[in-house]
Amino acid sequence: MINLTGQRLVREHIELDTVDSTNRYALDTGRDGLLVTAREQTAGRGRQGRLWFSPRNDNIYMTITLTYPDPRLCLVSGVAVREALAGLLSEAMVVKIKWPNDILILDRKVCGILCQARGSIAAIGIGVNVNQTTWPDELRDTAISLKLATGKTYRRNQVIQAAVHGLDKWFSIYHADGFEPVRKAFLEHSHCAGETARLEDGTPCVIRDLTPEGFLEVEALGGRRIVVSGDVRLDCPGARHG
């Protein structure tokens, strides 16, 4: 079990063997302050309804519940989980955030975050590829795990504990100081300002900033646009435009 001593965000841990979705299970309880983890998900989903490949025992499938649905929850969570995963790796291993809530190692996805709400309860679902080494063909070139990145095998509870600690820290900062510290950390550790990319409709753009609301500000077709949701595909991570 996870040590919750001193944690303010999580007060209860439910550990499941198999579940269709940790988010669905957590929201059905109607309780806040809950951590739900599972060894296997049979119907895990990512953003925009995409299937989240969830093999048994290899990875982290977890959800935390809060009582305040907020469109910036996923951004706070992304900053927190990025920091937690970076703390498990060597300093030479660069861990980045891709707006709005993917975590990348070597420009491949190691973690996805899905925020959902039902009534007054918000669920933050987090999937981390930990010890997985094989993927379906359609994911082979875009996914990575901690083990593939480092050659090391990780204990699942070690990764969950690090994530819970990071979430507790960053949500405390968010509550005390607002979104600006989160925004600064996001910009520091993200593929963001100055990067060239394409909007979902294929329009080329340059990413300029993250707004106080957590939206992406881009320059496209000679003007500034605000991207509220959807995917922004980087042309080549690290490629920048002045």
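Residues numbered from 1 in each chain as written. Predicted model: local features only at pLDDT ≥ 70, side-chain atom pairs only at ≥ 80, totals over all residues. Heavy atoms only, no water.

Colleague: An account of the state of the cysteines is requested, with residue identities and associated values reported.
Modeller: Taken as a whole and judged by the stated rule, the model has one disulfide. Across a sulfur-sulfur distance of 2.2 Å, Cys74 and Cys115 are joined as a disulfide pair. Across the S-S bond linking Cys74 and Cys115, the dihedral sits near 130°, which makes this disulfide right-handed. Note that Cys74 is positioned in helix 2 (residues 73-86) and Cys115 in strand 6 (residues 108-118), a separation of 41 residues in sequence. (Disulfide = S-S within 2.5 Å. Helix = DSSP H or I, 4+ residues; strand = E, 2+ residues; numbered from the N terminus.)

Colleague: Requested: an account of the pattern of salt bridges, with residues and values cited.
Modeller: Where charged atoms from two side chains of opposite charge come close, those side chains can pair. Within this structure, the stated rule accounts for 17 salt bridges. Two residues, Asp168 and Arg8, come together in a salt bridge whose shortest N-O distance is 3.0 Å. Taken together, the positions of Asp168 in helix 4 (residues 156-177) and Arg8 in the segment before strand 1 (12-19) put the pair 160 residues apart, joining distant regions of the chain. Accessibility expressed as a relative area gives 5% for Asp168, which makes it buried. Looking at Arg8, the relative accessible area reads 59%, which means it is exposed. Put simply, Arg11 and Asp32 hold a salt bridge, and the shortest N to O gap is 3.2 Å. With Arg11 in the segment before strand 1 and Asp32 in the loop between helix 1 (22-29) and strand 2 (34-41), the pair connects residues that are 21 residues apart, well separated along the chain. Judged by its relative accessible area of 54%, Arg11 is exposed. Looking at Asp32, the relative accessible area reads 29%, which means it is partly exposed. (Salt bridge = Lys/Arg side-chain N within 4 Å of Asp/Glu carboxyl O. Buried < 20%, exposed > 50% of the residue type's maximum accessible area, 1.4 Å probe, protein only.)

Colleague: So, the confidence of the model for the protein: which residues are in play, and what are the values?
Modeller: Of the residues in the protein, 92% have a pLDDT of 70 or more, and the chain-wide mean is 89. Here strand 12 (residues 233-234) is the element of the protein with the lowest mean pLDDT, 74, and helix 4 is the one with the highest, 97. (pLDDT = per-residue confidence, 0-100.)

Colleague: Tell me about the side chain of Arg156, residues and numbers included.
Modeller: Structurally, Arg156 can be placed in helix 4. A distance of 3.1 Å separates a polar atom in the side chain of Arg156 from the backbone oxygen of Ala38. Contacts of Arg156, omitting those with residues within four sequence positions, involve Ala38, Arg39, Asn57, Asn59 and Ile60. (Polar contact = N/O pair within 3.5 Å; in protein donor to acceptor, adjacent residues only side chain to side chain. Contact = heavy atoms within 4.5 Å.)

Colleague: Explain the sheet that holds strand 10 (residues 216-220) to me, using residue names and the numbers behind them.
Modeller: Read from one edge of the open sheet, five strands run 11-10-9-8-12, paired in antiparallel fashion. Looking along the sheet, the strands with just one partner apiece sit at the ends: strand 11 (223-227) and strand 12. Bridging between strand 8 (residues 196-198) and strand 12 involves two bridges; their strand directions are antiparallel. Its bridge partner lying in strand 12, Arg198 is registered against Arg233. (Pairing = 2+ DSSP bridges.)

Colleague: Account for helix 2, with residues named and values stated.
Modeller: Helix length check: helix 2, at 14 residues, gives a terminal C-alpha distance of 20 Å against a target of 20 Å (1.5 Å per residue), a fit within 8%. Summarising burial for helix 2: twelve of the 14 residues are buried, a large majority. Within the span of helix 2, buried status applies to Leu73, Cys74, Leu75, Val76, Ser77, Gly78, Val79, Ala80, Val81, Arg82, Ala84 and Leu85. (Expected span 1.5 Å × (residues − 1).)

Colleague: Outline the sheet that holds strand 4 (residues 95-98), listing residues and values.
Modeller: Within the open sheet, the seven strands sit side by side as 1-2-3-7-6-5-4. Their pairing is mixed. Looking at strand neighbours, the two that pair on one side only are strand 1 and strand 4, the edges of this open sheet. Direction aside, the axes of adjacent strands within the sheet are offset by 20° on average. Where strand 5 (residues 102-105) lies against strand 6, four bridges are found, and the strand directions are antiparallel. What sits directly across from Leu104, in strand 6, is Lys109. Strands strand 1, strand 2, strand 3 (60-66), strand 6 and strand 7 (121-128) of the sheet are contacted by helix 1, whose axis makes an angle of about 145° with strand 2. (Axes fitted to C-alpha atoms, helices over the stretch in contact; angles between N-to-C directions.)

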